Amino acid sequence: MNRISRKFLELKSKRRKAFIAYLTVGYPDISTTEKLVLELSRLGVDMFELGVPFSDPLADGPIIQEASAFALKNKVNLDKVFSLAKRLRNKIDKPLLTMGYYNPIFNYGLERFAKNAKSSGLDGIVVPDLSLEEDKDLRKSLSKYGIYLISFLAPTTDVSRIKHIARNAKGFIYYVSVTGVTGARNKLAKGIFNRISYLKKSVKVPICVGFGISTRKQFKTITSLSDGAIIGSAIINKIKENIGRKDLVNRVSRFVKGIIPS
Amino acid sequence: MKILPDKKGHFGIFGGKFVPETLMPALKELEAEYRSSQKDKSFRKELDYLLSQYAGRPTPLYFAKNLSKYLGGFKVYLKREDLLHTGAHKINNTLGQALLARRMGKKRIIAETGAGQHGVATATVAALFGLECVIYMGEEDIERQSLNVFRMKLLGAKVVPVKSGSKTLKDAMTEALRDWVTNVGTTHYIIGSVAGPHPYPMLVRDFQSVIGKEARKQILASENRLPDYLLACVGGGSNAMGLFYPFFKDKKVKMIGIEAAGLGLNSGKTAASLLKGKIGVLHGSKSKVLQDKYGQIEIAHSIAAGLDYPGVGPEHSYYQMVKRAEYAAVTDKEALAGFELLSETEGIIPALEPAHAIAYLSKAKNRFKKNSIIILCLSGRGDKDVTLVSPLLAKK
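Now for a look at the structure at hand.

The rules we used
Residue numbers run consecutively from 1 along every chain, following the written order of its sequence. Labels are handed out in written order, letters beginning with A for the chains and numbers beginning with 1 for the ligands. Selection of residues for local features in this predicted model requires a pLDDT of at least 70, selection of side-chain atom pairs for listing and counting requires 80 or more, and totals for whole chains, interfaces and linings are taken over all residues. Based on all heavy atoms of the structure, the side-chain values leave hydrogens and waters out of the count. Put simply, DSSP H or I for four residues or longer makes a helix, DSSP E for two residues or longer makes a strand, and each gets a number counted from the N terminus. Each radius of gyration reported is based on C-alpha atoms, and the globular scaling rule is 2.2 Å times the count of residues to the power 0.38. Each residue's exposure class comes from its accessible area (1.4 Å probe, protein chains only) as a fraction of the maximum for that residue type: buried when under 20%, exposed when over 50%, partly exposed otherwise. In what follows, a contact means two residues having at least one pair of non-hydrogen atoms within 4.5 Å. Counted as positive: Lys and Arg. Counted as negative: Asp and Glu. His and the chain ends are not counted at all. To locate a charge, take atom NZ for lysine, CZ for arginine, CG for aspartate or CD for glutamate. Centres within 6.5 Å are what make two rings of Phe, Tyr or Trp a pair, Trp counting through its six-membered ring; a difference in plane orientation under 30 degrees is then read as stacked, over 60 as edge-to-face, and the rest as tilted. Here the expected span of a helix is defined as 1.5 Å times the quantity of residues minus one. For our purposes a nonpolar core is just a set of buried Ala, Val, Leu, Ile, Met, Phe, Trp, Tyr and Cys residues, chained together by side-chain atoms within 4.5 Å.

Side note on the overall build of chain A
Secondary structure summary: chain A contains 12 helices and 9 strands in total. Computed over C-alpha atoms, the radius of gyration of chain A comes to 17 Å, within 12% of the 18 Å expected from 2.2 N^0.38 for 262 residues, which places it in the range of a compact globule. For chain A, the C-alpha atoms occupy an extent of roughly 50 × 40 × 35 Å along the three principal directions. Within chain A, the proportion of its 262 residues that are buried is 61%. Pairs at least 24 apart in sequence give 74% of the contacts found in chain A among residues at least 6 apart. Where the 46 positive side-chain charges of chain A centre and where its 22 negative ones centre are 6 Å apart.

Structure below.
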């Protein structure tokens, strides 16, 4: 069984919600990303999205844009993300996903991408600019290796499309909480609770909510309905605040621990 | 050959919709609205009225006698899009899309711009229809096209400088897409080229195809036959597609798209996506893209801000693949010579973008026969470029 499905079963039996952390690989450098994942895993993060930097991250707000540009200057590419995943896989058994735009994947070759993702121990792939209409080829390549292509739903997705997307969904559904780009927000989106309740009733796979969630309170509120939440920009911002400090990993880990409900 | 795109917005292997899920419903809505508008006679009537009374259509198809003589005798006709209101072909599309925005009840308009011509054309229709307007423009382009920045502001638009990446058209488009993802409920994004996710490449082409439809009639009236060649510059490719598309089925009419080679096709500082790019996905569609070996989008270079884009409309990639059109490139330097050549021979100062097509005529003049008839799309006028060009030519 794919580690993502196994994780959700485990969480369900413990009546817990998935805490998913996003980290841009290579921000500020790859070895720090590695240390962060290991430390956060120890502190109770359930799954990791390893962000693959892209030159034109059109679904991202300023924080992740900056981290991506920084990581690209460090010459991070898919091969380096795969070798990081491999090193992590030797040390932890938690689900590892990549999060990144389609062009680098397409350029790498879908079949080669899927094969190397598998041998690196990856469990899922998140591609924010790959719509249901265009994802068949990648989905096919990944499914050969038992890797999930995570589907998105947005506040703008209508009912018939929700059904269609839900039918193809594997692992969990990434629900985008707001119409907008990634980044922390003071308030949760209007109508989000009705929306998640509706999705919980009509979708079989777990629902995890991302975009704009940055505090423990928001995490708890959202996951009172959803099966998990993804925290990204808030962590990246904390990394940014601590770049250059020797205790960056400690400081960022402490911050994330503060968001994880006990 | 079939008329494309297909239902999913594909031109062969190109095109499609590669955008975040949040935008998918808006693309569907736009397509539905566009298709219903095409069946609505009053829509067509209003657009035709605006194109003729407001924008100044039809534009002349001018026989450039002096230029033709200078080049060796083949006949060059200029499709005078430079004479349109706002100074370029961009208004053909923005008028159409503004009418669509009104039909959809969207009160806010956003657009990206490179040379500023599309930004001006968008700000113009926003003023005309009383819509709020925000234009995204790369910081570098703001500097080199300052006249157009002032025009947009004068027309009531807010011009947002884009500081990320190459600070040019590519980054302006990325930023505009971010705005659209955020404000999709109230906002219509007027993409200015035959690029972006479906249905944009189709609808921008259709709105621009008035260029080719008129030119086809005009050449038949003056020469009693179809042209041998169509020539146009290609950045995203909207003026070229507007000219080419109505001749698609006229198999004997050869089409040549001219890309910007920048400092040279192999210099690493070029904007020739069709000639130097690989298949990839940028800004919502699959097409030829300038990218490195890891799929990161490269920074394009051209002296013409309107061609300074690492991608190209998917239908051009398709035309190239099926060999319906041929693509070539000229350098910054050659384009400057083209800029001078048309100014001196015909008293017409072209924009730097179509100056590339003029330059190609001169560079490749030996391939044309004495009795060849060529239609060249003069997509815009050069006023906007005079400040940029004057120090470069003074150096000579």
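The structure having been displayed, the exposition proceeds.
Some points on the packing of aromatic side chains
The geometry of two aromatic rings is summed up by the distance between their centres and the angle between their planes. All names here are of chain A. Inspection of the entire model under this criterion finds 20 aromatic pairs over all chains. Considering the side-chain rings of Y102 and F106, the 5.9 Å spacing of their centres and the 45° angle between planes classify their relative orientation as tilted. Note that Y102 and F106 are positioned in helix α5 (residues 102-108) at a spacing of 4 residues, about one turn of the helix. Overall, the relative accessible area of 2% leaves Y102 in the buried class.

Focus on helix α10 (residues 210-223) of chain B
Within an α-helix, residues lying three or four positions from one another point in the same direction, as the helix has 3.6 residues per turn. Residues and elements named next belong to chain B. Across its 14 residues, α10 extends 20 Å between first and last C-alpha, which sits within 8% of the 20 Å expected from 1.5 Å per residue. Those residues of α10 that sit buried are V210, I211, G212, E214, A215, I219 and E223. The elements touched by buried residues of α10 are β3 (61-63), β4 (75-80), α4 (90-103), α9 (200-208), α11 (238-244) and β14 (373-378). With its phi angle positive at about 60°, N224 sits one or two positions after the end of α10.

Structural notes on the nonpolar core
In this structure, L95, W180, Y189, L243, F244, Y319 and I375 of chain B are the most contacted members of the largest nonpolar core, which totals 95 residues. Sort the elements by how many residues they give to this core and helix α8 (residues 169-183) of chain B lands first, with 7 residues. Formed by 92 residues, the second largest nonpolar core is a distinct cluster that contains I30, L110, I173 and I213 of chain A.

So yeah, pure geometry; function would need other evidence.
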